[in-house]
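A look at the structure
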Amino acid sequence: MVERFFIPDRQVRERAVLIGVALPAQSKWHVEEMLDELALLANTAGADVVDRVVQERSRIDPAFFIGQGKAESVAKLVKSYEADLVIFDEDLSPAQVKNLERVIDAKIIDRSGIILDIFARRARTREAKTQVELAQLRYLLPRLTRQWTHLSRQQGGIGMRGPGETQLEVDRRRIRERIAKLSRMLKKIDVGRKVRRVGRRDFFRVAIVGYTNSGKSTLLNALTRAEVFTEDQLFATLDATTRLARLEDGGKVLLTDTVGFLRKLPHHLVASFKGTLEEAIEADVLLHVVDVSHPNFEDHMVAVREVLDELNILEKPSLLVFNKIDCLNETALLGRLKEEYPGSVAISALKGDGLDTLRITMHSYAQRFGVKAIQGSMKESN
Ligand SMILES: Nc1nc2c(ncn2[C@@H]2O[C@H](COP(=O)(O)OP(=O)(O)OP(=O)(O)O)[C@@H](O)[C@H]2O)c(=O)[nH]1
Ligand SMILES: [Mg+2]
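Residues numbered from 1 in each chain as written. Chains lettered and ligands numbered in written order. Predicted model: local features only at pLDDT ≥ 70, side-chain atom pairs only at ≥ 80, totals over all residues.

Thoughts on helix α4 (residues 111-122)
For α4, which comprises 12 residues, the first-to-last C-alpha distance of 17 Å matches the rise-based estimate of 16 Å (1.5 Å per residue) to within 8%. Against α1 (28-45), β3 (85-88), β4 (107-109), α5 (126-140) and α9 (267-272) lie the buried residues of α4. (Helix = DSSP H or I, 4+ residues; strand = E, 2+ residues; numbered from the N terminus. Expected span 1.5 Å × (residues − 1). Contact = placed C-beta atoms within 7 Å.)

Quick notes on the pairing of strand β1 (residues 14-22)
Relative to strand β2 (residues 47-56), β1 is paired through nine bridges, and the arrangement is parallel. Within β2, the residue paired with R15 across the bridge is D48. In this region the chain leaves β1, passes through α1 and returns to the parallel neighbour β2; the handedness of that crossover is right-handed. (Pairing = 2+ DSSP bridges. Right-handed = clockwise from strand over helix to strand, strands pointing away.)

Details of unusual backbone geometry
The backbone phi angle of F65 is positive, close to 65 degrees, even though this residue is not glycine. Take F65: it is sitting in the loop between β2 and α2 (68-81). Its identity is not glycine, yet E82 carries a phi of approximately 50 degrees, on the positive side. Relative to the elements of secondary structure, E82 occurs in the loop between α2 and β3. The exposure class assigned to E82 is exposed, which follows from the 10 C-beta atoms found within 10 Å. (Buried ≥ 20, exposed ≤ 12 C-beta atoms within 10 Å, placed from the backbone.)

Here we look at the confidence of the model for the protein
On average, residues of the protein score 85 in pLDDT, and 87% of them are at 70 or above. pLDDT under 50 marks residues 146-163. Its contacts with residues more than four places away, or in other chains, come to 20 contacts. Scored below 50 in pLDDT, residues 373-382 shows 16 contacts in the model against residues more than four places distant or in partner chains. (pLDDT = per-residue confidence, 0-100.)

Comments concerning the nonpolar core
Membership of the largest hydrophobic core comes to 88 residues, with the highest contact counts inside it found for A42, V86, I87, I115, F119, V206 and V253. It is α5 that provides the largest number of residues to this core, a total of seven residues. Counting contributing residues per domain, this core is built from domain 1 (13-109) and domain 2 (202-368), each supplying no fewer than three. If we skip the residues at most four places from it in the chain, A42 touches A16, L18, A47, V49, I87 and I114. (Core = buried A, V, L, I, M, F, W, Y, C linked by C-beta atoms within 7 Å. Domains from an automatic or database assignment.)

Structural notes on the sheet that holds strand β6 (residues 241-246)
To summarise the sheet geometry, strands pair through backbone hydrogen bonds and adopt either a parallel or an antiparallel arrangement. Judged by pairing direction, the sheet is mixed, and its six strands sit side by side in the order β6-β7-β5-β8-β9-β10 without closing on themselves. The sheet is open, and its two edges are formed by β6 and β10 (345-346), each paired on a single side. Bridging between strand β9 (residues 318-323) and β10 involves two bridges; their strand directions are parallel. Bridge pairing in β10 places V321 opposite V345. The strands that helix α8 (residues 216-223) touches are β5 (205-210), β6, β7 (252-257), β8 (285-291) and β9; relative to β7, the one it contacts most, it runs at about 155 degrees. (Axes fitted to C-alpha atoms, helices over the stretch in contact; angles between N-to-C directions.)

Quick word on the site of ligand 1
The full set close to ligand 1 counts 23 residues, and G215, S217, T218, T230 and G260 are the nearest of them. A total of three residues in the shell around ligand 1 trace back to one element, the largest contributor, which is α8. For the shell around ligand 1, the per-class residue count stands at six nonpolar, 12 polar and five charged. (Near = placed C-beta within 6 Å. Nonpolar A, V, L, I, M, F, W, Y, C, P; charged D, E, K, R; others polar.)

Quick notes on the sheet that holds β3
Reading across from one edge, β2-β1-β3-β4 is the order of the four strands in this open sheet, with parallel pairing throughout. Sheet topology places β2 and β4 at the edges, where each strand pairs with a single neighbour. The average undirected angle you get between the axes of adjacent strands in this sheet is 20 degrees. Across the face of the sheet, α2 comes into contact with β1, β2 and β3 while running at roughly 155 degrees to β1.

Right, here's the structure in full:
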């Protein structure tokens, strides 16, 4: 139904203006850095960033988020660039979207909206598609009024002023029905997953978690014969893939690649992806992969821990894996990390450096956290 409702599927890339707000407690640098990430997200979603605005405020304006005056100046900016989109780095309330759209002649999208759009583009399997659509509809429901007007305008062409209230009520009801249907479908898929998981119970299970683009899928491919899609982009893989990995002494573990995390990941998405993340929830050990070549990798680690906390698995045994060490041109950082995070392992999943040490460490984890008989051969996916 609503496959991708924000950015119309066109050949032409859309033009976007990014907006960030620096509150007194936040440094402008931090907000700029968040906007860098938002620009990556915008790019992935199919938009070119034409400008970015950072506003320093003492508090968020409840009506316009950035205040009416600023909204009016953004409206001028949008006009001068002929921009199609204004993307806010925070989540907006439905009322704020409505007010902003009254002043600014462009689509107003918030961080959750853009992330949901990317997920919709990336979803490949029926499960991922169902999960994303469910998250989108739950997000859309309270925001229906204006977004829907946009949708009608896109679909219906010139002169469409959007549906009347009656139509809106019908649409809302249809969306609620669809949400109920999707939830039922996901429950069914979950049952299938559970059955498959029972077969895995005797295996020592390790789930690879981490920030998006940290190299999780590359690591899975390096340790197993999986051929999971990897790319230098955000949310390249959404599906959980499980493969058998061989350790020292003939030991084997089941290794699962999971969906990447991000700062301020929409709550609806985490909730919808619970089924896929079940692999992480039920794992014996988590491999937390960190891209140490990223200037903000420590913020990323905090963001990952926040999502793990949301999933109630923060206390699970976990092994920190510092990846992409081939990109570091000084060893001081690695020395500091070794000291600060004893027991961590430094690797290059791409070049294969440190993988033997990682296998040995995983083996010792398997011994520490209850070895299960790992025999026979087995190959599974999803
Ligand atoms: N230089 C270098 N690049 C790496 C390394 N590991 C992964 N990469 C690259 O980093 C990019 C992201 O890798 P993926 O394995 O797709 O990352 P991911 O964590 O699965 O990302 P998502 O699925 O998007 O969340 C790809 O371009 C990889 O080739 C590494 O050790 N060194
Ligand atoms: Mg991946």
